Amino acid sequence: MNPTPLVRRRSLSGSLGLGEKLFASADERRFADAIERGLEQVEQGLAEQFGYADDLADTTSRYLFEAGGKRIRPTLALLTAQLGQGTTDDVLTGAKAVEITHLASLYHDDVMDDADLRRGVPSAQTVWGNTVAILTGDLLFARAASLVAELGPETVKLQAQTFERLCLGQLHETIGPRDDEDAVTHYIQVLADKTGSLIAAAAEIGVLHSGAPQEFRPAVTEFGERIGVAFQLIDDIIDLSAETGQTGKNAGTDLRAGVPTLPLIHLRREAQTDAASADLLARIEQSAADESDAGGAAFAAAIAELRDHAVTAQTRAEAQRWADDAVAALAPLPEGPVKKALTKFAEAVVTRSN
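Owing to the predicted nature of the structure, the values given are computational and were not obtained by experimental measurement.

Could you clarify how one ought to interpret the overall build of the protein chain in this entry?
Along its length, the protein chain carries 17 helices and 2 strands. Taken against the 2.2 N^0.38 rule, which gives 20 Å for 354 residues, the C-alpha radius of gyration of the protein chain at 20 Å falls within 12% of a compact globule. If one aligns the C-alpha atoms of the protein chain with their principal axes, the spans along those axes are about 60 × 50 × 40 Å. Expressed as a percentage of its 354 residues, the buried residues of the protein chain come to 51%. Within the protein chain, residue pairs in contact and separated by at least 24 positions form 72% of the contacts whose partners lie at least 6 positions apart. Approximately 15,500 Å² of the protein chain is accessible, and the part contributed by carbon and sulfur atoms is 52%.

Next up, the structure:
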């Protein structure tokens, strides 16, 4: 039985944080229903794409897909497609490709970060080891490339450029800023490459393959990149959350793994001139390396203190600026449900808790 329009709109609300009030008029309800029907098709198509004849590949590749996810990237592709002919077959193919690319990157990220949890379940590298997790990510990147090949050379090039940026972002995050490079500037570029690029590609694919006016492409691309940075900055704050059930990760997972986050980068700057910040930074670094029960308790206490520190509020303000800039980039789009939904999504990004 197909979901009712109300259920569809609730599903869209769950994906992008959009409230029911957005869909007040008949036109907006039809718009929401079109997105939800597309999401149902994407979800069904993803389930088929994760099928492999090899039993091990079938199991490992489905693992994170079946753990859930917000499906933000395919939803954005479906949204921007409404600027043209709507959910065409090529839009659906592109939406599946960007989500598979995203999932592939998660397998690799968890190896790089030595993460224990992902989406509330043990990470793939925890279950099968680093080599299997890396190879599963590679399999999914290959599957995404096969889908993109159906969409023509322009989209193949877009996917290749996006994949290059994903790799560069991870590389620069791993190496860290140069001695003469501003740490915050370096970090924001890492976020733009690792997160913003793929969200931007998703938004661009919706325009490219729906027959929408091509002059909209720069606007949705800039929106996607900027909202991706905002999204990841909020993730930095969520990483400090004690609510593991909501986040699907342990508090301070990124910090324990040595992954830089903006609150910590700001704290390091504060520590140069503020004794209390220097003390907090030392306690975070010392307890992060201590795997004993006492070390775990000390780390949890230090993370709670960082969560309430001014540098975390500063990070939230930075995320708000990127979200505001994302909305400003939408100025060339016509007034209507697409622009309204993207604007509401930007607002939801900076208030989310998971």
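I keep staring at the nonpolar core and nothing clicks. Help me out?
It is characteristic of soluble globular proteins that their nonpolar side chains tend to be buried jointly. Among the nonpolar cores identified, the biggest contains 70 residues, and L76, L83, F223, I227, L233, L333 and L342 are the most heavily contacted of them. Per-element accounting of this core gives the leading share, 11 residues, to helix α10 (residues 217-238). Apart from the residues lying within four places of it in its own chain, the contact partners of F223 are L76, A326, V327, A329, L330, L342, F345 and A346. Core analysis: the second largest hydrophobic core is formed by 14 residues, L255, L267, A288 and A302 among them.

Mind showing me how you'd approach the pattern of salt bridges here?
Side chains that differ in sign of charge can pair as their charged atoms come close. With the rule as written, the count across this model stands at 22 salt bridges. In this structure, E181 and R178 form a salt bridge, with 3.8 Å as the shortest nitrogen-oxygen distance. Ionic pairing is found between E204 and R217, a salt bridge with its closest N-O pair at 2.6 Å. Of this pair, E204 sits in helix α9 (residues 183-208) while R217 sits in helix α10, and the two are 13 residues apart along the sequence. Within this structure, E43, R71 and E99 form a network of salt bridges that share partners.

Which parts of the structure should I look at to understand the confidence of the model for the protein chain?
When pLDDT is averaged along the protein chain, the result is 88; 91% of the residues meet or exceed 70. A low-confidence stretch, residues 1-11 stays under pLDDT 50, and its non-local contacts, those more than four residues away or across chains, total 17 contacts.

Would you take a moment to explain unusual backbone geometry for this structure?
For R71, which is not a glycine, the phi torsion comes out positive at approximately 55°. Relative to the assigned elements, R71 resides in the loop between α3 (55-66) and α4 (72-81).

Conventions used here
Residues numbered from 1 in each chain as written. Predicted model: local features only at pLDDT ≥ 70, side-chain atom pairs only at ≥ 80, totals over all residues. Heavy atoms only, no water. Helix = DSSP H or I, 4+ residues; strand = E, 2+ residues; numbered from the N terminus. Rg over C-alpha atoms; globule rule 2.2 N^0.38 Å. Buried < 20%, exposed > 50% of the residue type's maximum accessible area, 1.4 Å probe, protein only. Contact = heavy atoms within 4.5 Å. Areas by Shrake-Rupley, 256 points an atom, 1.4 Å probe, with all protein chains shown as cover. Core = buried A, V, L, I, M, F, W, Y, C linked by side-chain atoms within 4.5 Å. Salt bridge = Lys/Arg side-chain N within 4 Å of Asp/Glu carboxyl O. pLDDT = per-residue confidence, 0-100.

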